[in-house]
Amino acid sequence: MENFYESMYKLIVETSTNLPKDVRRAIAAAKLKESAGTRSAMSLATITNNIKMADDNISPICQDTGLPTFKLKVPVGANQIKMIEEIKRAISQATKDGKLRPNSVDSITGDNSGDNLGEGTPVIKFEQWEKDYIDARLILKGGGCENKNIQYSLPCELEGLGRAGRDLDGIRKCIMHSVYQAQGQGCSAGFIGVGIGGDRTSGYELAKEQLFRRVDDVNEHEDLKKLEEYVLEHANELGIGTMGFGGETTLLGCKIGVINRIPASFFVSVAYNCWAYRRLGVYLNPETGAINEWLYQDGDEIDFGQDEVAAAEEQTKQTREVVLEAPISEEQIRSLKVGDVVRINGMMYTGRDAIHKYLSENDSPVDLNGQIIYHCGPVMMKDKDGQYHVKAAGPTTSIREEPYQGDIMKRFGIRAVIGKGGMGPKTLQALQEHGGVYLNAIGGAAQYYADCIKSVEGVDLMQFGIPEAMWHLKVEGFTAVVTMDAHGNSLHADVDKSSLEKLSKFKDPVFK
Ligand SMILES: O=C(O)C[C@H](O)C(=O)O
Ligand code: SF4
């Protein structure tokens, strides 16, 4: 097994940096459907540009490289203990090399292990089989989309859809609802894996297993095939769109599996995956561990070319564009409206979960008056001289900061927050009272935003670990869209409301 370590290292790096071809094809098809000039089209252009940049830079497509999950099928007698050791070594090295973000956090103390190793991380699952080669697959599923997974226990009442009973039609309603409830927060357009049956654990297992299917495969189960086609067609009529901006493409794939259940339980489990659907696989020689074949990578190459940048820029030109540079005045902020595109130059400070909690109880290490907070947990690398460099830096889901955001903005005089997926009524009210805006950046576009960051000027609160520290970033041409303004408008609330109305059109029985 002299090549096994190297093969696992390659699998990790490729999965993090090179989006599989079947996923690229789905994104390319979605792009054709969005009309030019819309916010969704602009976001998709940024996404495809980002995919291309990750290819070129061999850097993470999205900064959140998830909880690495390996699934291996091995011939009888293969040494699994040795394989686990080598996988862990490869994970640790890939983290050192900036291909994975240090993501393993002690759930009680909050300490980041720094190398992606720790109790329960990575996840490595083995199965034995009679074949004479190893099938090794890896999925890097980020936290934002993971948080949008949902499990239904039938029968249940669903908003917009009424009762979902213990039959195929009840299942249909749950799946449609799962797409609605995710809105743009899991970086839509997304993919879903659905598990019908099992218990709470095996149901989710089955749902996640579906994410290892090819995007373009066809379900062998006749009813499930019909259900997959139905969901894919109609979920795209919900009008949620890329990043929840509204638009034609909300869902890029739907895969459904079924297992038996016990009489009292009837679960429908849904695993939501963002557009940054990073899963790859390899067939390995069982003696040497060398790679014989890559999976999901056959078929036409979709190379999202450099014209994506020009297209994205062209599209932003059609919208009102405002340049912002901190410190920002209240007057300037109040002049912004939902739909405006802003280009930010100068300083911004990252702050996510740990920082928001910290700022609610402590003073800020820097003066945040008139400043911009970026909900972001970057991938950083330190050079020989101790200088940090940004390797990937897209936004994180903002709604988690809802309990803190409004108060913190008022207390420290923060004028703008950047994130993705939008925030709730408490923040909206604070924006209005205090004079603030919420800016939506394109989730997953970690290379695109890393490129806008010209230097790391400092860092505070490093005790929270790299993703959670407060990074002082100097940016140029950092583009985002105003989706919540100081006049009480929220694009997120509007899209939620209109998509709920659309969802209710799917109330009547379809599968008898
Ligand atoms: O943790 C992150 O950087 C992002 C996360 O995956 C999210 O979608 O919120
Ligand atoms: S930020 Fe978006 S694209 Fe990245 S892992 Fe989270 S949900 Fe996926």
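Residues numbered from 1 in each chain as written. Chains lettered and ligands numbered in written order. Predicted model: local features only at pLDDT ≥ 70, side-chain atom pairs only at ≥ 80, totals over all residues. Heavy atoms only, no water.

**Comments concerning the site of ligand 1**
Here is step 1: In the vicinity of ligand 1, the residues found are Gln63, Asp64, Arg101, Gly143, Gly144, Arg352, Thr396, Thr397, Arg400 and Lys420.
Here is step 2: Side-chain polar atom of Asp64 to an oxygen atom of ligand 1: 2.5 Å apart, as the coordinates give it.
Here is step 3: Thr396 is positioned such that a nitrogen or oxygen atom in its side chain is 2.8 Å from an oxygen atom of ligand 1. (Near = heavy atom within 4 Å. Polar contact = N/O pair within 3.5 Å; in protein donor to acceptor, adjacent residues only side chain to side chain.)

**Re the packing of aromatic side chains**
Here is step 1: Throughout the structure, instances matching the rule amount to 9 aromatic pairs.
Here is step 2: Here Tyr374 and Phe478 contribute two aromatic rings whose centre-to-centre distance is 5.1 Å and whose plane-to-plane angle is 80°, an arrangement assigned as edge-to-face. In this pair, Tyr374 sits in strand β14 (residues 372–374) while Phe478 sits in strand β20 (residues 470–484), placing the two residues 104 residues apart along the sequence.
Here is step 3: By relative accessible area, Tyr374 is classed as buried at 0%.
Here is step 4: With relative accessibility at 0%, the residue Phe478 sits in the buried group.
Here is step 5: Here the aromatic rings of Tyr448 and Tyr449 are separated by 4.9 Å at their centres, their planes lie at 75°, and the arrangement is edge-to-face.
Here is step 6: Here the aromatic cluster, defined as three or more aromatic residues joined through ring pairs, consists of Tyr374, Tyr448, Tyr449 and Phe478.
Here is step 7: Seen from the ring of Tyr5, Arg89 lies directly overhead, with NZ or CZ sitting 3.9 Å from the centre.
Here is step 8: Across the ring face of Tyr277, the terminal group of Arg279 is positioned such that the distance to the ring centre comes to 4.6 Å. (Phe/Tyr/Trp six-rings, centres within 6.5 Å; stacked < 30°, edge-to-face > 60°. Helix = DSSP H or I, 4+ residues; strand = E, 2+ residues; numbered from the N terminus. Buried < 20%, exposed > 50% of the residue type's maximum accessible area, 1.4 Å probe, protein only. Lys NZ or Arg CZ within 6 Å of the ring centre and 35° of its normal.)

**Focus: the site of ligand 2**
Here is step 1: Inspection of the region around ligand 2 gives 13 residues, with Cys62, Gly142, Cys187, Cys274 and Arg278 positioned closest.
Here is step 2: Grouping the constituent residues of the shell around ligand 2 by class yields 6 nonpolar, 4 polar and 3 charged. (Nonpolar A, V, L, I, M, F, W, Y, C, P; charged D, E, K, R; others polar.)

**Side note on helix α12 (residues 402–412)**
Here is step 1: All of the buried residues in α12 are Glu402, Gln405, Gly406, Ile408, Met409 and Phe412.
Here is step 2: Check the buried side of α12 and you find it contacts α11 (353–361), β17 (416–419), α13 (425–434) and β18 (437–440).
Here is step 3: Gly413 sits one or two positions beyond α12 and adopts a positive phi of about 80°. (Contact = heavy atoms within 4.5 Å.)

**What to know about the sheet that holds strand β10 (residues 278–284)**
Here is step 1: The 5 strands lie next to each other as β2-β1-β3-β10-β11, forming an open sheet whose pairing is mixed. Either end of the sheet is taken by a strand with one partner, and the two such strands are β2 (123–129) and β11 (291–295). Averaged over all pairs of adjacent strands, the angle between strand axes in this sheet comes to 20°, irrespective of strand direction. (Pairing = 2+ DSSP bridges. Axes fitted to C-alpha atoms, helices over the stretch in contact; angles between N-to-C directions.)

**Let's talk about helix α3 (residues 39–57)**
Here is step 1: If you check α3, its first and last C-alpha atoms are 26 Å apart, about what 19 residues at 1.5 Å a residue would give, namely 27 Å.
Here is step 2: Of all 19 residues in α3, 15 are buried, a share of seventy percent or more. (Expected span 1.5 Å × (residues − 1).)

**With respect to the state of the cysteines**
Here is step 1: A complete count under the given rule lists 0 disulfides for this structure.
Here is step 2: With no disulfide of its own, Cys145 lies 3.8 Å from the sulfur of Cys274, the closest cysteine sulfur.
Here is step 3: Of the cysteine sulfurs around Cys376, a residue in no disulfide, the closest is that of Cys62, at 9.2 Å. (Disulfide = S-S within 2.5 Å.)

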